[in-house]
Amino acid sequence: MSSLSNTRVPLVEAEAVSMADKKENEFGELTSEAYLYAPRSRKGAALREPVLDAPPYYISVITYLNYLILIILGHVHDFFGLMFQKEKHRDIMERDGLAPWFSKFESFFVRRMKQRIDDCFSRPTTGVPGRFIRCIDRIAHSLNEYFTFPGTTSMCLNLSSYNYLGFAQSEGLCTDAAVDSVHRYGINTHGSRMQSGTTDLHVEAERYVANFLGMEDAMIFSMGYGTNANLFNSFLDNKCLVISDELNHTSIRTGVRLSDAAVRTFKHNDMEALEKLIREQIIQGQPKTHRPWKKILICVEGLYSMEGTMCNLPKLIELKKKYKCYLYVDEAHSIGAMGPHGRGVCDYFGVDPTEVDILMGTLTKSFGAAGGYVAAQKWIIDRLRLDLTTSNYGEPSPAPVLAQIISSMRIIIGELNPGEGLERLQRIAFNSRYLRLALQRLGFIVYGIADSPVIPMLLYAPSKMPAFSRMMLQRKIAVVVVAYPATPLIESRVRFCVSAALTKEDIDYLLRHVDEVGDKLFLKVSSGRAGGSSDGKPPRWDIEEVLRRTPEDCKDDKYFLI
């Protein structure tokens, strides 16, 4: 059985970690060339309709009953608590003629459901979120009302961070470049002031981003969320229409609301529904006046982080051209992690990036830096530079962040340490496909496409979410669990975030424990309609057979619906 003991990490305290151990903890060494997968371009081919695996009906019924019981017990608790334990309910009671801070209804979910499992969320960590992550231990009191810290930490296998290519390291080429930038642009030994505002490093970083994406120009911002939240009001008004995928990120929703543009949503990745909606809006025009819309902007994400699905970019470009719309693609999770050259959704589908009007993305996830960017034709970027509130009123990206961006992109494209960038891309591609197919063969229901580094595994019943999270933490594995309102009510899930820093042996260790926990929590409810039953095998495989056969099979596209 694969074991974490090979890494010696759980037994090593932070102050005793040697440089070799530290490097290995942050980025695992490749153990075999067989554990690489070279991603291929789709050459303009659209995605096929996915085969969704649904749980048996009794699973849905049990999930709804779980929530019903929780709601009933919560209201009973509130009723008696307001009568006999008023001091514990002061925040939802009227006092001294003042209204309560929260109404019982709006705070019910947080008080009676979320707080009970708060130990599974926002776990404090320290150090680099690499191959392993150091979680700060804490003790919950009064049903997670507050926590105390015993002063100890736990080193856990990291399946919880968006460190897709493993560039978040405390040493290496990127770190050296960041440190050098501090000496060059920060306070030097003579005590001179740090340079502020736009520097030559900003200009160079924006040039690298534009060239990396294949666009004419780009802008860099210090915050990814703020990039979306403040972008749309620069080129949209109340005479414009945004047609948005129903699963778009909240930053997009915030930005569109601030722009005062009209919004219509379409079912996730449903291109027929999208075309029908575009036609209807072109015919109807603006409300009341029925004049034509000034602009119609189709807004989607490249890779959806809760579902692991990808936008159907070739079809979107086709509809954009057919109906003379604009296309906006948020590549927060796809840039760097997807495509043969790591250049995102356009690279993955093999389409010309200039076919997309605006490409937005973040520099946090794949590049180990911070902030966001917008890339487009030069005249669009020049116009945005005039009145985009994000850059006018926000702080510029600091020099170490810009140096991290430039150096990580240079590694990916092969300018620095040739071969390293390609290895990272092929490692994350292998790890993503291997973990996804292995989970499907074990009998779990998994969402998303084959090459997605975000792998959602469905848990369904609300009680299984904290149980899974706590049992994995006991096994020194850090995972992220997600539930309503971030997902549909009955589709709570664990979201495995794969990284190039992980080794095949790490994934084997994860699979053994997920298999064990899945049996205990009765999570293996797949029908076998999606994934690993393509060769006629039963939908549930033995763990030993999965570990033996899946590493090679995951490279064969016949096992994936692509």
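- By the naming in an unreviewed UniProt entry, the chain goes by serine C-palmitoyltransferase and is assigned to Eremothecium gossypii.
- Under the UniProt heading Sequence similarities (unreviewed entry), the note attached to the chain is "Belongs to the class-II pyridoxal-phosphate-dependent aminotransferase family."

### Focus on the overall build of the chain
Item 1. Along the chain, the regular secondary structure elements total 17 helices and 16 strands.
Item 2. Computed over C-alpha atoms, the radius of gyration of the chain comes to 25 Å, within 12% of the 24 Å expected from 2.2 N^0.38 for 562 residues, which places it in the range of a compact globule.
Item 3. Projected onto its principal axes, the C-alpha positions of the chain cover 65 × 65 × 60 Å.
Item 4. Looking at the chain residue by residue over its 562 residues, the buried ones come to 54%.
Item 5. Nonlocal contacts in the chain, meaning residues at least 24 apart in sequence, comprise 72% of its contacts between residues at least 6 apart.
Item 6. Split by element, the accessible area of the chain, about 26,000 Å² in all, is 56% carbon and sulfur.

### Here we look at unusual backbone geometry
Item 1. Of note, the amide linkage connecting Tyr 484 to Pro 485 takes the cis form, showing an omega dihedral of 10°.
Item 2. Locating Pro 485 in the fold gives a position in the loop between β15 (480-482) and β16 (492-497).
Item 3. You will see that Lys 288, though not glycine, has its phi angle at about 70°, which is positive.
Item 4. Among the structural elements, Lys 288 can be located in the loop between α8 (271-284) and β9 (296-301).
Item 5. Positive phi is not limited to glycine here, since Phe 522 has a value of about 55°.
Item 6. The topology assignment puts Phe 522 in the loop between α16 (504-521) and α17 (543-553).

### Regarding the pattern of salt bridges
Item 1. In this structure the tally under the stated criterion is 34 salt bridges.
Item 2. Ionic pairing is found between Arg 410 and Glu 415, a salt bridge with its closest N-O pair at 3.1 Å.
Item 3. For Arg 410, a relative accessible area of 27% translates into the label partly exposed.
Item 4. Accessibility expressed as a relative area gives 43% for Glu 415, which makes it partly exposed.
Item 5. Among the charged side chains, a network of salt bridges with common partners joins Glu 206, Asp 217, Lys 378, Asp 382 and Arg 385.

### Focus: the UniProt feature "transmembrane region" (unreviewed entry) in the chain
Item 1. The UniProt record annotates "transmembrane region" (unreviewed entry) at residues 57-80.
Item 2. As annotated, residues 57-80 comprises 100% helix and 0% strand, and the C-alpha atoms at either end are separated by 35 Å.

### Side note on the domain arrangement of the chain
Item 1. Once the domains are mapped, the chain shows domain 1 (19-55 + 122-158 + 426-559) and domain 2 (200-398).
Item 2. Once you take the C-alpha centre of each, domain 1 and domain 2 turn out to be 29 Å apart.
Item 3. Every contact between the two is made by 23 residues of domain 1 and, on the other side, 20 residues of domain 2.
Item 4. In this assembly, domain 1 packs against domain 2 so that about 1,700 Å² is buried in total across both faces, 60% of it on carbon and sulfur atoms.
Item 5. In terms of surface lost to domain 2, no three residues of domain 1 exceed Leu 47, Ile 449 and Arg 495, which account for 24% of the buried area on that side.

### Quick notes on helix α2 (residues 57-84)
Item 1. With 28 residues, α2 extends 41 Å from end C-alpha to end C-alpha; this agrees with the ideal 40 Å at 1.5 Å per step.
Item 2. The set of residues buried in α2 consists of Ile 59, Ser 60, Thr 63, Asn 66, Tyr 67, Gly 74, Asp 78, Gly 81 and Leu 82.
Item 3. Along its buried surface, α2 packs onto α3 (104-114) and β13 (454-460).

Cut-offs used in this document
Residues numbered from 1 in each chain as written. Predicted model: local features only at pLDDT ≥ 70, side-chain atom pairs only at ≥ 80, totals over all residues. Heavy atoms only, no water. UniProt positions renumbered as here; feature names shortened; annotations may be inferred. Helix = DSSP H or I, 4+ residues; strand = E, 2+ residues; numbered from the N terminus. Rg over C-alpha atoms; globule rule 2.2 N^0.38 Å. Buried < 20%, exposed > 50% of the residue type's maximum accessible area, 1.4 Å probe, protein only. Contact = heavy atoms within 4.5 Å. Areas by Shrake-Rupley, 256 points an atom, 1.4 Å probe, with all protein chains shown as cover. Salt bridge = Lys/Arg side-chain N within 4 Å of Asp/Glu carboxyl O. Domains from an automatic or database assignment. Buried area = accessible area lost by both parts, 1.4 Å probe. Expected span 1.5 Å × (residues − 1).

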